[in-house]
Structure formats: C-alpha cells, structure tokens
Amino acid sequence: MATLILLVITLVSPLIPMSVVSAADSKNLIYDEANLLNEQEKSELNALANEYGAERQTDFVILTTNNTENQDVQLLTEDFYDEHALGYDKAHGNAVILTMDMNNREVYLAGFYKAEDYLDSGRLDKIRNKITPDLTEGNYKLAFEKYINLSYKYMGYKPGVNPDNILFNIWFQLIASVAIGGIAVGVMAYRSGGRVTVNRATYEDSSTSSVIDRQDRYIRTTVTKRKIEKNNNNGGGGGGGGGTSRGGHSHSGSRGSF
C-alpha cells in the first residue's frame, strides 16, 4: 500500500508545479474600467489573449474606459501604454491595444514595436472596420474576440502583404486546385483521342476561291465632353494614423466611432 501511495505521489507531483507556473504566467490583459464585461467574459478573453499572445510574442490588450476627464482617445492609449509599461517581451515592448472610449464613443487601436510592423495602420483599419458593427450593437465580448483573433491572424503574414487577399483563402485554394486538376484531366482526355488534322484548307480550291467584294463606309465621329465634378466630401468613419507617445514609443494606429 505504501508503495502504491509513493508511486501516485511520484506521478502527480511533477504536474503541480506546472499548473502553478502556468497560472502565474497568465497576466491580466483585460482592463475593463467601464464594466462592459462580466467576470466570466473577462476570464475567457484574458485566457484567449494570453494563449494567442504567447504564439505571436505580443500582448493583446483591451482597455475600456468612461473617460470622465474627456481625454483624446489616442493620447489616452499612449499614456496607458507608457504608465503600465506594457509589452510581452519586456517593459514597453511588443503590444497591441484596443481602447474603448465610452464617453465619446470612439475606439482606437495601436500597435507598438513588433505589432507596429505586423499590425500597421492599414491592418488595424481592417480590424477596426470588422469589429465596429458589433461594438455599435453592444456585442462587446464578440467584438473583442474578433479583435484578438484577427490580430493573431494578421501577425502571421509578413509586413506589407494584404492579409485579406483572396489568394490566402483556404477555400479559394481548394477550389483553384480542383479546377486546375479538372482542366489538366480534360486536356489529357482530349489528346488521348488523337489529333484532328483536317482543316478548312483540306477541301478548299485556292484557284477558284477569292474575295468577291470589299467595302468600307465612314459614317461619322462623335465627341462628347463631360465635366468631372470635384469631390469635396472629406467625411468618413475614421482612418489610420499612428504617432509617438509622450514616453517616446512609436506606434501604428487606427481610430473611429462606433
């Protein structure tokens, strides 16, 4: 009996430190100061952010605030990064932040260091555009999940590449492969029946064949002039643009309303 207990302790004891270390390594990445999420939602989002962040070596951070001091959302995000020394690899390191300003109903995304390269302003615009409808509808957890998933996905592509290019779509690749395979099989099947060598010249008597008549008739030329109106509408739902925090940390950025 004592031998059996010793054996069980020997097998189980290595697992205890691992679970403790795993829990200790999980850091808080969800700062829900506006109380948009319940505890379970925050826990699930934090676990997802930690899991995907470890693979990209980048902290995926969410900040919600009522912004009672009515601070500009970009400046608010920059100061938050500086003051909390965010970063996966080090203090003030790789991080991407989604900030929800509930006072002005604005959202701002910023990528620092590695995230500035892999989540440039153009890619952050794409992410923001895809999550804004859910933010408008109040589906905050769903929007935050999309933000984490898209950030993770887009960081898997080299900088400068359009991550939404249809060529990267797995279904498009499968359909294209099937189509190319079908064409190749069709060509082989067609050639397997032998080549056709009979053409028009086979039965044509060139000594009696000639052009009977030829006629060109000019009708008229019409030129239409149309004034091109200048578009003076500068409106829009937001856009890209990063900057540098007061602590001297450069970042990509995208802001808009929801």
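Residue positions are given per chain, counted from 1 along the sequence in the order it is written. It should be noted that, the model being predicted, local features are given only for residues of pLDDT at least 70 and side-chain atom pairs only at 80 or more, the latter also being counted only at that level, while totals for whole chains, interfaces and linings use all residues. Side-chain numbers come from the whole structure's heavy atoms, not from hydrogens or water.

(A) Looking closely at the overall build of the chain. Tallying secondary structure elements over the chain gives 9 helices and 7 strands in all. In the chain, which comprises 258 residues, the share counted as buried stands at 33%. Long-range contacts, defined here as pairs at least 24 residues apart, represent 67% of the contacts in the chain between residues at least 6 apart. For the chain, the computed accessible surface area is about 17,100 Å², with 54% contributed by carbon and sulfur atoms. Helix and strand definitions follow DSSP, with helices as H or I runs of at least four residues and strands as E runs of at least two, each counted in order from the N terminus. Classification of residues uses two cut-offs on accessible area relative to the type maximum, computed with a 1.4 Å probe and protein chains only: under 20% is buried, over 50% is exposed, and between them is partly exposed. Here, residues are in contact when the closest pair of their heavy atoms is within 4.5 Å. With residues, only the protein chains shown are counted as cover, and all accessible areas are computed by Shrake-Rupley using a 1.4 Å probe.

(B) Fine view of the confidence of the model for the chain. In this model, the chain carries an average pLDDT of 79, and 62% of its residues clear a pLDDT of 70 or more. Within the model, pLDDT remains below 50 along residues 1-24, and this stretch shows 1 contact once partners closer than five positions in the same chain are excluded. Note on scores: pLDDT gives the predictor's confidence for each residue, bounded by 0 and 100. Predicted confidence is poor over residues 171-176, with pLDDT under 50, and the contacts of this stretch with residues over four places away or in other chains come to 4 contacts.

(C) Looking closely at unusual backbone geometry. Despite not being glycine, A85 shows a phi value in the positive range, around 50°. Position of A85 relative to the elements: it lies in the loop between α4 (73-84) and β3 (95-101). Among the residues examined, A85 registers a relative accessible area of 26% and is labelled partly exposed. Phi at H92 is positive, roughly 60°, even though this residue is not glycine. Tracing the chain through its elements places H92 in the loop between α4 and β3. Of the residues examined, H92 reaches a relative accessible area of 22% and is grouped as partly exposed.

(D) Molecular detail of helix α7 (residues 140-154). Between the first and last C-alpha of α7 there are 21 Å, a value that for 15 residues agrees with the 21 Å anticipated at 1.5 Å per step. Every buried residue belonging to α7 is among Y140, K141, A143, F144, Y147, I148, L150, S151, Y152 and Y154, and all of these are buried. The secondary structure elements touched by the buried residues of α7 are α3 (39-56), β2 (59-65), β3, β4 (106-112), α5 (114-118) and α6 (121-137). What a helix is expected to span follows from its residue count: subtract one and scale by 1.5 Å.

(E) Structural view of the pairing of strand β7 (residues 250-257). One ladder, built from 7 bridges, connects β4 with β7; its direction is antiparallel. By the bridge assignment, F112 is partnered in β7 with H251. Across 2 bridges, strand β6 (residues 243-244) lies against β7 in antiparallel orientation. Pairing of G243 across the sheet is with H251, part of β7. Here the rule is simple: two strands pair whenever DSSP picks up at least two bridges between them. Hairpin connection, β6 to β7: the antiparallel pair is bridged by 5 residues, and G248 has positive phi, about 90°.

(F) Region of interest: the nonpolar core. Core analysis: the biggest nonpolar cluster contains 45 residues, and F60, M100, I127, L135, F144, Y147 and I148 have the highest contact counts within it. Top contributing element to this core by residue count: α7, with 8 residues. Filtering out sequence-adjacent residues up to four positions away, I148 remains in contact with L45, L48, A49, Y52, F60 and I62. For our purposes a nonpolar core is just a set of buried Ala, Val, Leu, Ile, Met, Phe, Trp, Tyr and Cys residues, chained together by side-chain atoms within 4.5 Å.

(G) Molecular detail of the pattern of salt bridges. Whenever a carboxyl oxygen of Asp or Glu lies within 4 Å of a side-chain nitrogen of Lys or Arg, that contact is scored as a salt bridge. Scanning all chains against the criterion turns up 11 salt bridges. Note that E44 and K141 form a salt bridge whose closest N and O atoms lie 3.1 Å from each other. Of this pair, E44 sits in helix α3 while K141 sits in helix α7, and the two are 97 residues apart along the sequence. When its relative accessible area of 37% is taken as the criterion, E44 is described as partly exposed. Salt bridges sharing partners connect three or more residues here, namely E44, K141 and E145.

(H) Representation of the environment of E137 within the structure. Here E137 shows up in helix α6. Each C-alpha atom of the pair E137 and F258 lies 8.8 Å from the other, and the pair is 121 residues apart in sequence.

(I) The side chain of S245, seen in detail. Note that S245 resides in the loop between β6 and β7. Any pair of nitrogen or oxygen atoms within 3.5 Å is treated as a polar contact; in protein, a donor-acceptor pairing is required on top of that, and neighbouring residues in sequence qualify only through side-chain atoms on both sides. Of the polar contacts made by the side chain of S245, one reaches the side chain of D82; its length is 2.9 Å.

(J) Main features of α4. Between its terminal C-alpha atoms α4 stretches 16 Å, which fits the 16 Å expected from 12 residues at 1.5 Å a residue. Of all the 12 residues making up α4, 9 are buried; the element is thus mostly covered by neighbouring parts of the structure. When α4 is considered as a whole, its buried residues turn out to be V73, Q74, L76, T77, E78, D79, F80, Y81 and D82. Looking at the buried positions of α4, the neighbouring elements they touch are β1 (30-32), β2, β3, β4, β6 and β7. The backbone nitrogen of Q74 has a side-chain oxygen 3.0 Å away, supplied by the residue at the start of α4, namely D72. Remark: A85 follows α4 within two positions and exhibits a positive phi of approximately 50°.

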